[in-house]
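Here are the chains, one letter per residue:
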Amino acid sequence: NINNCYNTGTISSSSVERSMSGGIFGSVGSGSSKVTTLTKCHNSGTITATAHTSSSSGSRASYSGGLVGFNNNKLSITYSYNRGAVRAYSHYGSNNTADGTCVVGGLIGQLNTNGTISNSYNTGNLTGTTKGGIKGSGGSVSNCYYLSTCGGSGGGTSKTEAAMKSTSFPILLN
């Protein structure tokens, strides 16, 4: 269990074919029957994952999230948030475009089907080919919110900046 953990720094990963970056974990692996839990964790740093190959026919995938880049296990995230920019890129040679799989989520890039996120939010800007306000893809989300201008949608409820700054917003997270 991870409680009250945070990141304020810039985190970048660059790898051949597959890259994963997150403010707390780049990847939560498989093989354990136990649930990994993140409670009251947050990120305000910029998170970037870049996958590359030397050939346009090579497979490239990058996963980036404010807290976790990629999850392949049982994961639970509660009472957590992201305020940092989250970006995922893939390219071949010197072509620096998002031409492969680039999954980005405010809290997690790829959340597997055993993963859950609840009572959490995202206000960070998102860059990638698949962008979710809370999660890029997979898993289930309940009682989560994301800033309507973050560049992603889904995986929660969109809120305006004024609504997220209101005194009633924290009550929604309980």
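Our subject is the structure that appears above.
Quantities reported herein were computed from a predicted structural model and do not represent experimental measurements.

1. With respect to the sheet that holds strand E5 (residues 25-28)
Argument step 1. What the 4 strands build is an open sheet, ordered E5-E10-E15-E20; its pairing is parallel. Since the sheet does not close on itself, it has two edges, and those belong to E5 and strand E20 (135-137), each with one partner. Direction aside, neighbouring strands of the sheet carry axes that sit 15° apart on average.
Argument step 2. Where strand E15 (residues 108-110) meets E20, 2 bridges bridge the pair, whose relative direction is parallel. Bridging from a neighbouring strand, Ile108 pairs with Lys135 of E20.

2. Describing the sheet that holds strand E18 (residues 126-127)
Argument step 1. Spatial strand order, E3-E8-E13-E18: 4 strands in an open sheet with parallel pairing. Each end of this open sheet is capped by a strand with a single partner; those strands are strand E3 (11-16) and E18.
Argument step 2. Direction of pairing for strand E8 (residues 47-53) relative to strand E13 (residues 86-92): parallel, over a ladder of 7 bridges. By the bridge assignment, Ala49 is partnered in E13 with Ala88.

3. Some details on the environment of Gly106
Argument step 1. Looking at the element boundaries, Gly106 is found in the loop between strand E14 (101-105) and E15.
Argument step 2. On a C-alpha basis, the gap between Gly106 and Asn174 in space is 19 Å, while along the polypeptide they are 68 residues apart.
Argument step 3. Once residues within four sequence positions are removed from consideration, Gly106 is found in contact with Gly65, Gly66, Leu67, Asn82, Val86, Asn122, Leu126, Gly132, Gly133, Ile134 and Lys135.

4. Remarks on unusual backbone geometry
Argument step 1. Although it is not a glycine, Lys40 adopts a positive phi angle of roughly 55°.
Argument step 2. For Lys40, the location among the structural elements is in the loop between strand E6 (36-39) and strand E7 (42-43).
Argument step 3. The phi dihedral of Asn143 falls on the positive side, at around 55°, and the residue is not glycine.
Argument step 4. Residue position: Asn143 is located in the loop between strand E21 (140-142) and strand E22 (145-147).

Thresholds applied
Every chain is numbered on its own, with residues counted from 1 as its sequence reads. The predicted nature of this model means local features are confined to residues of pLDDT at least 70 and side-chain atom pairs, given and counted, to a pLDDT of 80 or more, with totals for whole chains, interfaces and linings taken over all residues. Only hydrogens and water are set aside; all other atoms, that is, all heavy atoms of the structure, feed into the side-chain values. By definition, two strands form a pair when at least two bridges between them are found by DSSP. Only DSSP runs of H or I reaching four residues or more are called helices, and only runs of E reaching two or more are called strands; each is numbered from the N terminus. To get an axis, fit a line to the C-alpha atoms, keeping to the stretch in contact for a helix; angles then go from 0 to 180 degrees between the N-to-C directions. Note on contacts: a residue pair qualifies if any of its non-hydrogen atoms lie within 4.5 Å across the two residues.

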